[in-house]
Amino acid sequence: MEAMLNFFDWNDLSPNDNLGVKNERTNKRINAVIAILKNIEKHQTKPTTVMLQKLFEEVSNEEKEEETYNFETPNLITENEELTYYRNGYYTNQENYNALKYEVETILKKTKHVKSNFGMGYFRLDITKEEFEQLKEKL
């Protein structure tokens, strides 16, 4: 019994009090909880919802842009046109290959092996600076 009386005394309650909103201490606590919730809503929830709304707006704008793009019908080509296109590509690749092969052969012809007195020998390229610059430009 004494513990119960101490509880009521400690929490500033009396048997005649209405435990609703009329108690001043309870009002302060409720106001503090309301202030905390408003602070959470203001600093955490609202910015997050704004960011999510902007994100969803951007996604919906992208979907609208994709929907507005109309694909054109492809130009149909005949089998002969396709064959000549790939044949021409093959011939140009062959020409490029042969030109590169010729350049490499000329470079290899201009290299000479030089024996070293100390250690291994090395290869020396006998071309002028201008020829070397021209090779760099070609490649």
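Residues numbered from 1 in each chain as written. Predicted model: local features only at pLDDT ≥ 70, side-chain atom pairs only at ≥ 80, totals over all residues. Heavy atoms only, no water.

1. Things to note about the overall build of the protein
Phase 1 of the analysis: Of regular secondary structure, the protein possesses four helices and two strands.
Phase 2 of the analysis: Each helix and strand of the protein, ordered N terminal to C terminal, gives the series α-α-α-β-β-α.
Phase 3 of the analysis: Within the span of the protein, comprising 139 residues, buried residues form 2% of the whole.
Phase 4 of the analysis: Long-range pairs, those at least 24 residues apart, make up 12% of the contacts in the protein between residues at least 6 apart in sequence.
Phase 5 of the analysis: Accessible surface for the protein amounts to roughly 13,900 Å². Of this, 57% is attributable to carbon and sulfur atoms. (Helix = DSSP H or I, 4+ residues; strand = E, 2+ residues; numbered from the N terminus. Buried < 20%, exposed > 50% of the residue type's maximum accessible area, 1.4 Å probe, protein only. Contact = heavy atoms within 4.5 Å. Areas by Shrake-Rupley, 256 points an atom, 1.4 Å probe, with all protein chains shown as cover.)

2. Thoughts on the pattern of salt bridges
Phase 1 of the analysis: Under the defined criterion, the tally for this structure stands at four salt bridges.
Phase 2 of the analysis: Between lysine 112 and aspartate 126 there is a salt bridge, and its shortest N-O distance comes to 3.7 Å. With lysine 112 in strand β1 (residues 111-114) and aspartate 126 in the loop between β2 (122-125) and α4 (129-138), this pair connects stretches of sequence that are 14 residues apart.
Phase 3 of the analysis: By relative accessible area, lysine 112 is classed as partly exposed at 47%.
Phase 4 of the analysis: Given the relative accessible area of 32%, aspartate 126 is considered partly exposed.
Phase 5 of the analysis: The partner of aspartate 126 in a salt bridge is arginine 124, and the shortest N-O contact between them spans 3.0 Å.
Phase 6 of the analysis: One network of salt bridges, with partners in common, ties together Lys112, Arg124 and Asp126. (Salt bridge = Lys/Arg side-chain N within 4 Å of Asp/Glu carboxyl O.)

3. Topic: helix α1 (residues 2-10)
Phase 1 of the analysis: Within α1, only zero of the nine residues are buried, leaving the element largely exposed.
Phase 2 of the analysis: Aspartate 12 occupies a position one or two residues after α1 and carries a positive phi of about 60 degrees.

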